[in-house]
Amino acid sequence: MLASCIKRQIALAGAKNLVQGLPCFSSSLLHRSFSAGMSSVVERNDVDNNKPITRVLFCGPHFPASQNYTREYLEKYPFIQVDELPLEQVPDHIGNYDLCVAKNMRFDSNVLSRAKQMKLIMQFGVGLEGVDIDAATKHGIKVARIPGGATGNAASCAEMAIYLMLGLLRKQNEMQISVKQKMLGEPVGDTLLGKTIFILGFGNIGVELAKRLKTFGVKVIATKRSWPSSLEVVTPKAFPSQNEVIDDLIDKKGIHGDIYEFASNADIVVCCLSLNKDTVGIVNKSFVSSMKKGALLVNVARGALLDYEAVVHYLELGHLGGLGTDVAWREPFEPDDPILKFKNVILTPHVAGVTEHSYRTMSKVVGDVALQLHAGKPFTGIELVN
C-alpha cells in the first residue's frame, strides 16, 4: 500500500493537482477524516492537468462535517479540490491554496505571509477572532464570514441555548444519578415559565432566541451596543419595521452600560456576544457578583467571554446557580477540568451550530464561493470584512 502510494507520487510529481510533500489518496470521490498529525488530501484523477484547479483548505480535524459536506456538494466539479490539514501543517502548505476555511486556526501575519496565492479566508460560521484582518488586508487577502441568520446557524444556536437552560432548570446531571440509583420523583426541577431571561448581545442568535422564548411565558430583556434608531422611515402597517419586530420580542432594551443592572434582574443570563478585545472576559467577577443569587449562566457564543476563575469562584460559593456552556476557555475541553465536579454544570462540545440543516447550508455557501472564485465572479452569500 505504502509502496504503491509512493510510486504514484513519483509518477505524478509534475501534476498540478498534487500538493507537494503530502501523502496521496487516490480517487475522485474518496475522502477521509484523519487524526491529528495526518492530512486528508484528495487526488483528483478525473482532472485535466492542463487546466487550473481551485484548491480549498479546511484547517484542523475538528468540526469534520464542514469539509465532508463541502466535498459532497462539490463532487461533480473536478476542478475544485477540497483538502484538510492538521493545524500544525497549515503554515507549511498554505501557499498551495486559493481559499481557506479557518475553523479554529489562528492566522497571524507570519502565517498569512506564506499564503502566496490565497484570495480569500472565510469562516465556517461567523467568528473571525482568530484572523488578523489587518495583516490579511496587507497581504491582499479578503476575509469573510457566513451570516448566521440566513443559514440556520443562528437558529441552531438559539435552540441549543434553550436546551442548556432546560437542562439546568430540570437538573439534567442529577436526573442521571437518580436513574442509576433507581430513584423516582427526584430531583425537583424548575420551569422556564415566569422567568426573566437576559440576552447579553442581541445579534442574530439573540433575535432567534427571543423568538423561541416568548412561547415559554418568560420576560426577555436584552442589551446591545447600539439599537436601530426609532427615527426611521415610516413603514406600511402590513410590513412592520425592525423596531416593531424587536419591541414585540423583548420587554426591555439596554445598552452596554446597563449589563450589570440587567444581570441583577435576570433569572438566566445567556451570552450571545461576538468575541473581540472589548468583550474578552466580560463575564467577570463584577458581572457574576451582580447576578441574582441562584441565577443561571448560559454561553453559546465563545468561551473567552467568561472569566474562568470568576465562574468557578461563584459556583463554589453557591452564588451562581448553574452553568451551561457549549464553548470552552480552551478547546477541545479538558475532560478532567475541575469545573466538571459541579452537578450544576452542563458542557457540550461546541455543537450549538452543528446541525444537519445549518452545516448543509453553510457547505453550499463555501462550495458556491469556491465556484465563484474559480470562475472569477463576485462572491455571494458571505459578508466581507475587509
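The structure reproduced in this document is the subject of the present report. Bear in mind the structure is a predicted one, so any value in this text is a computation, not a measurement.

**Side note on the nonpolar core**
Judged by nonpolar contacts, the single largest core of 33 residues is most densely connected at M165, L209, I250, I268, V270 and V298. Of all the elements in the fold, those that place two or more residues in this core are α7 (153-169), β6 (196-200), α9 (204-213), β7 (219-223), α10 (242-249), β9 (268-271) and β10 (296-299). The greatest single-element share of this core, amounting to ten residues, is contributed by α7. Beyond its immediate chain neighbours, meaning those up to four positions away, V270 contacts A161, M165, I197, F198, I199, L200, L209 and V298. F262, M291, Y308 and V345 belong to the second largest nonpolar core, which has 32 residues in total.

**Focus: the packing of aromatic side chains**
The final tally for this structure, using the stated rule, is eight aromatic pairs. For the ring pair F124 and Y359, a centre distance of 4.8 Å and an interplane angle of 65 degrees mean the geometry is edge-to-face. With F124 in the loop between β4 (120-122) and α5 (133-138) and Y359 in helix α14 (residues 356-375), this residue pair connects regions lying 235 residues apart in the sequence. Y359 matches F124 in its accessibility class, with the two residues each being buried. Measuring from ring centre to ring centre gives 6.3 Å for W329 and F333, while their planes differ by 50 degrees; the resulting arrangement is tilted. Linked through ring pairs, F58, F124 and Y359 together constitute an aromatic cluster. Taking the ring centre of W227 as reference, the NZ or CZ of K224 above it sits at 5.7 Å. For the cation-ring pair, R360 lies above Y69, with the distance from its terminal atom to the ring centre recorded as 3.6 Å.

**Regarding the pattern of salt bridges**
Taken as a whole, this structure holds 16 salt bridges when the rule is applied. Put simply, D190 and K195 hold a salt bridge, and the shortest N to O gap is 3.2 Å. Here E316 and K341 are joined by a salt bridge, their closest N and O atoms 3.4 Å apart. Placement of E316 in helix α13 (residues 308-317) and of K341 in the loop between β11 (322-325) and β12 (345-347) is noted, with a sequence separation of 25 residues between them. Within the structure, one salt-bridge network assembled from shared partners comprises E72, E356 and R360.

**Some remarks on the packing of helix α2 (residues 64-73) against α14**
Axis separation between α2 and α14 bottoms out at 8 Å; the angle between their running directions is 60 degrees. As judged from the angle between their axes, α2 and α14 are oblique. Considering the relative orientation of α2 and α14, their crossing is right-handed. Contacts from A65, S66, Y69, T70, E72 and Y73 in α2 reach E356, Y359, R360, S363, K364, V366, G367 and D368 in α14. Of the residues contributing to the contact of α2 with α14, the split by class is five nonpolar, four polar and five charged.

**Some thoughts on the side chain of D337**
Tracing the backbone through its elements, the reader meets D337 in the loop between β11 and β12. We classify D337 as buried; its relative accessible area is 8%. In this structure the side chain of D337 is engaged in a polar contact, spanning 2.9 Å, whose partner is the backbone nitrogen of I339. Setting aside residues no more than four positions away along its own chain, D337 makes contact with Y308 and R330.

**Thoughts on α14**
Every α-helical turn comprises 3.6 residues, leaving residues that sit three or four positions apart pointing alike. End to end, α14 covers 28 Å across 20 residues, agreeing with the expected 28 Å (1.5 Å per residue, within 8%). Just downstream of α14 lies G376, where phi reads positive at about 75 degrees.

**Examining the side chain of Q81**
By secondary structure assignment, the location of Q81 is in strand β2 (residues 80-85). At a separation of 2.8 Å, a polar atom in the side chain of Q81 contacts the side chain of D83.

**Quick word on α7**
Over its 17 residues, α7 extends 24 Å from the first C-alpha to the last, a length consistent with the 24 Å expected when each residue adds 1.5 Å. Among the 17 residues that make up α7, 14 are buried, leaving the element largely enclosed by the rest of the structure. K171, located one to two residues past α7, shows a positive phi value of around 60 degrees.

**A few points about the sheet that holds strand β8 (residues 252-254)**
On the basis of which strands lie adjacent, the open sheet formed by seven strands has the order β8-β7-β6-β9-β10-β11-β12 and parallel pairing. Two strands lie at the open edges of the sheet, namely β8 and β12, each paired on one side alone. The average angle at which neighbouring strand axes cross in this sheet is 15 degrees, direction not considered. Note: β6 against β9, four bridges, orientation parallel. Paired with F198 across the strands is V269, a residue of β9.

Reading guide: rules and limits
Residues numbered from 1 in each chain as written. Predicted model: local features only at pLDDT ≥ 70, side-chain atom pairs only at ≥ 80, totals over all residues. Heavy atoms only, no water. Core = buried A, V, L, I, M, F, W, Y, C linked by side-chain atoms within 4.5 Å. Buried < 20%, exposed > 50% of the residue type's maximum accessible area, 1.4 Å probe, protein only. Helix = DSSP H or I, 4+ residues; strand = E, 2+ residues; numbered from the N terminus. Contact = heavy atoms within 4.5 Å. Phe/Tyr/Trp six-rings, centres within 6.5 Å; stacked < 30°, edge-to-face > 60°. Lys NZ or Arg CZ within 6 Å of the ring centre and 35° of its normal. Salt bridge = Lys/Arg side-chain N within 4 Å of Asp/Glu carboxyl O. Axes fitted to C-alpha atoms, helices over the stretch in contact; angles between N-to-C directions. Parallel < 35°, antiparallel > 145°, perpendicular 65-115°, else oblique. Left-handed = near helix turned anticlockwise from the far one by under 90°. Nonpolar A, V, L, I, M, F, W, Y, C, P; charged D, E, K, R; others polar. Polar contact = N/O pair within 3.5 Å; in protein donor to acceptor, adjacent residues only side chain to side chain. Expected span 1.5 Å × (residues − 1). Pairing = 2+ DSSP bridges.

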